[in-house]
Amino acid sequence: MRTALLTLCLLMPYQAWAASAAGKIKEIASSPAIRNASWGLSVKDADTGRVVAEHNPSLNLVPASTLKVFVTAAAMDKFGPAHEFSTGLCGGGKVSGGALNGNLYIKGGGDPSLGSQLLRGAKPLDDVFGSWAGALKAAGISSVSGSVVADDTAFDAVQAGSWAWEDIGNYYAAQPSALTVNDGLYKLYLRPSDKVGGTAEVLRTEPGIDGLSFEDHMKTGPAGSGDNGYIYAFPGQYHAVLRGSIPQGQPEFAIKGALPDPALFAARSFSAYLASAGVRVAGAASKGEAPGSCASIAETRSVPLREVVRVTNKRSFNLYAELLLRHLGGGDPRAGIAAVRAFLASCGADVSELDIVDGCGLSARDTVKASNFTDLLRALKGKKYFADFYDSLVFPGDPDATGHLHNMGRGTPLEKNLRLKSGSLNGVRSYAGYLRTKSGRTLAVASIMNGYSCPGSEIDKLHEALLLELYKDY
């Protein structure tokens, strides 16, 4: 009898809260902008697995960038947070009289940090090149009879075919090359017109890229209208088309494009660096596979994986997610996707209907369930690398984060208790992460909305209200 009474007393607060949560969910689902949308919600106690709240948790929905949670967690699990990637410099011939009689190869190993401006601890590209030039001189090499050759054969760099045409050519759709430098991007500087609607003038790129030209249809928008510019170019294409608009009000405005060929850019840049450092290279920089007999001259190690995961999740950086997907698959993105599926299944997630075609969530063909995220998040809480993974998620007011999630929950109790990864595409808003409640419990939370008919900021407000309800009452 006492046991029954105790059980009843424990259940009553939960049942009262469950009714309150169900009311809040019903209120959100019936709002005009949501009622014709598709919404999947899953909230579970991260320690017990108890379902706290849900709404269509098994609905297959487009997750956008929240998909990165799958890839970054799988990479942490396979490699460990301290893992480093490497890039090699090797000689394809014998050295005699100070000359390397053959080509000098840069052998890419999928290091995201070469010359990165985003990763903590990453060295500037000139510092990397300086260390390589020093290694050449230490090996007695003062000239190269062949060329600097970029070897990016370790990875299949082809992007998902379902990525939108307007994305290709922009930095967020950069090629995941095994020899990635400069975060795979360049900055294109333009001068706005004196009048709204006038053509913006192309000024320069930083860094400079040999042979890159533009067909300029970029217009000038009103002051404060933001970056609405697009660079249209396929990988390997050195003539790009500019469309969209940039705002008035500044003498110049920069947008970011994807390097046409990251590996070739690396080879050309290092060849130019060697010339300035007094190492003569006879041939023009090119691409090719290093021979098996290539003699090692230098090896450069990346920053630890935890730093890559941190930026991937906090800044939702697509390129890093695509590179990690290829690492998971030994260079093959299809094998990487299979590895992600297997990892999710090992965490108790139902992957029978999981359909993912990339690692970053840029494709509208990706479909997942909200419950896939909460099952994964529950399992991660018991992993040795959990602290590093948790730290990679965004909190309200996070100074290292970008995007719409940065301001959600600021000035509320969520500031110190919420960690999320978010995702957004046209008509898609998603969130996945952890909420520590007022009572000290930790909840795994995932919400995916597709096809809503209001500004995305309104979806954020609805979720902020729901998260505050969860925080206060559970």
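Residues numbered from 1 in each chain as written. Predicted model: local features only at pLDDT ≥ 70, side-chain atom pairs only at ≥ 80, totals over all residues. Heavy atoms only, no water.

K.L.:
What am I meant to see in empty space enclosed by the protein here?
P.N.:
Using a probe with the size of a water molecule, rolled over the atoms, empty space left in the structure can be pinpointed. Inspection of every chain in the model, using the stated rule, returns 2 cavities of 30 Å³ or more. As for the largest cavity, its lining consists of 15 residues, and the residues nearest its centre are Gly169, Ala233, Phe234, Ala258 and Leu259. Its residues placed into classes, the lining of the largest cavity shows 11 nonpolar, 4 polar and no charged. Empty space within the second largest cavity amounts to approximately 60 Å³. Lining of the second largest cavity is provided by Leu41, Met408, Leu420, Tyr431, Val445, Ser447, His463, Leu466 and Leu467. Residue assignment for the lining of the second largest cavity shows that the elements contributing at least two residues are strand 21 (442–450) and helix 10 (456–473). With 3 residues, helix 10 is the single largest residue contributor to the lining of the second largest cavity. (1 Å grid on protein atoms, 1.4 Å probe; cavity = no way out; pocket = protein on both sides within 12 Å on 5 of 7 lines; lining within 4 Å. Points joined across faces, edges and corners; volume = space filled by probe spheres on them. Nonpolar A, V, L, I, M, F, W, Y, C, P; charged D, E, K, R; others polar. Helix = DSSP H or I, 4+ residues; strand = E, 2+ residues; numbered from the N terminus.)

K.L.:
Sorry if this is basic, but what is going on with the packing of aromatic side chains here?
P.N.:
Any two aromatic rings considered together are summarised by their centre-to-centre distance and by the angle between their planes. As enumerated under the stated definition, the model contains 14 aromatic pairs in all. Ring plane angle 55° and centroid distance 5.2 Å describe the contact between Trp165 and Tyr232, whose orientation is recorded as tilted. Of this pair, Trp165 sits in the loop between strand 8 (148–151) and strand 9 (185–191) while Tyr232 sits in strand 13 (residues 228–232), placing them 67 residues apart in sequence. According to the relative accessible area criterion, Tyr232 is buried, its value standing at 14%. Taken together, a centroid distance of 4.6 Å and an interplanar angle of 65° make the contact between Phe317 and Tyr320 edge-to-face. Taken individually, Phe317 and Tyr320 each receive the classification buried, so the pair is uniform in this respect. Aromatic rings pair up to connect Phe129, Trp132, Phe270 and Tyr273 into one cluster. Its guanidinium or amino end placed over the ring of Tyr171, Lys256 lies 4.3 Å from that ring's centre, counting from NZ or CZ. Sitting above the plane of the Tyr474 ring, Arg441 keeps its charged end 5.0 Å from the centroid. (Phe/Tyr/Trp six-rings, centres within 6.5 Å; stacked < 30°, edge-to-face > 60°. Buried < 20%, exposed > 50% of the residue type's maximum accessible area, 1.4 Å probe, protein only. Lys NZ or Arg CZ within 6 Å of the ring centre and 35° of its normal.)

K.L.:
Can you help me understand helix 8 (residues 370–380) in this one?
P.N.:
Note on helix geometry: an α-helix contains 3.6 residues per turn, so any two residues three or four positions apart are oriented the same way. For helix 8, the tally of buried residues reaches 9 of 11 residues, placing the bulk of the element in the interior. What helix 8 keeps buried is the set Ala370, Ser371, Asn372, Phe373, Thr374, Asp375, Leu376, Leu377 and Leu380. Those residues of helix 8 that are buried lie in contact with strand 1 (38–45), helix 2 (68–79), helix 7 (333–346), helix 9 (386–391), strand 20 (428–436) and strand 21. (Contact = heavy atoms within 4.5 Å.)

K.L.:
What is the right way to look at helix 7 in this model?
P.N.:
Its 14 residues give helix 7 an end-to-end C-alpha distance of 20 Å, which sits within 8% of 20 Å, the value for a rise of 1.5 Å per residue. Looking at helix 7, one finds that the buried residues are Pro333, Gly336, Ile337, Val340, Phe343 and Leu344. In a view along the axis of helix 7, the buried residues occupy a sector of 120°, so they form one face of it. The exposed residues of helix 7 that point more than 90 degrees off its buried face are Arg334 and Ser346. Contact partners of the buried residues in helix 7: helix 2, helix 6 (318–328) and helix 8. Regarding helix 7, its N-cap is Asp332, as a side-chain oxygen of that residue lies 2.9 Å from the backbone nitrogen of Arg334 further along. Residue Gly348 follows helix 7 closely and has a positive phi angle near 90°. (Expected span 1.5 Å × (residues − 1). Arc of directions from axis to C-beta. Polar contact = N/O pair within 3.5 Å; in protein donor to acceptor, adjacent residues only side chain to side chain.)

These figures capture arrangement, not role.
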